[in-house]
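Chain by chain, the residues run as shown.
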Amino acid sequence: MRIAILVAILMAGLAAGPASSVAQDTGTTQGARTAPADAAKEPAPPPSVTVIGAKDAHGILGREVRSAANEDMGRVVDVIVDRDGTVRAAVIDFGGFLGVGSRKIVVDWKALRFGGVANKKDSITLELTKAQVAAAPEYKEDAPVIVLGAAGRLQPWDFDH
């Protein structure tokens, strides 16, 4: 008999449990503010779409960079943009063998030539010699960026010290 009463009490509690939580939920949402129907925002317009032909544009990260004399200059590992989003320079992993002894240097974007790039195997041409690039200071994140540029082309950046 006691077991039957205990089971009846448990069943009543389970039956009342969801109903009481619904009542509590209803009570908490009644005071919430709702936006008037006329204040609903219009949906955003669809994004614009631009189609670039496969022969007209190519990714450059990881692409080989060579000098005008066909010397191996390294690979592009990053691109640097200014606060306005304008591309200013490329970071090249220069020197070394299989990543050992290499260092990153920054070259002015205007010193790069992309005219001969038609597929993934083609390299970018850099208007600097291997000796000029070898003498460039190493790029370090969170330090002022020193950009190596082709003669007479580099524009100074405005940056906070």
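Since the structure is predicted, the reported quantities are computational estimates derived from the model, not experimental observations. (Residues numbered from 1 in each chain as written. Predicted model: local features only at pLDDT ≥ 70, side-chain atom pairs only at ≥ 80, totals over all residues. Heavy atoms only, no water.)

Explain the nonpolar core residue by residue, including any values.
The biggest cluster of nonpolar side chains holds 18 residues, and the ones touching the most others in it are Val65, Ile105, Val107, Ile124, Leu126 and Val133. Only strand S2 (72-81), strand S3 (87-94), strand S4 (103-108) and strand S6 (124-126) provide two or more residues apiece to this core. Grouped together as the second largest cluster of nonpolar side chains are 6 residues, Ala89, Val91, Val106 and Tyr139 included. (Core = buried A, V, L, I, M, F, W, Y, C linked by side-chain atoms within 4.5 Å. Buried < 20%, exposed > 50% of the residue type's maximum accessible area, 1.4 Å probe, protein only. Helix = DSSP H or I, 4+ residues; strand = E, 2+ residues; numbered from the N terminus.)

Tell me what's going on with the sheet that holds S6, and back it up with residues and numbers.
An order of S5-S6-S1-S2-S3-S4-S7 is seen for the 7 strands of this open sheet, with the pairing classed as mixed. Unpaired on one side and paired on the other, strand S5 (112-113) and strand S7 (147-148) mark the two borders of the sheet. One ladder, built from 6 bridges, connects S3 with S4; its direction is antiparallel. Bridge pairing in S4 links Ile92 to Ile105. (Pairing = 2+ DSSP bridges.)

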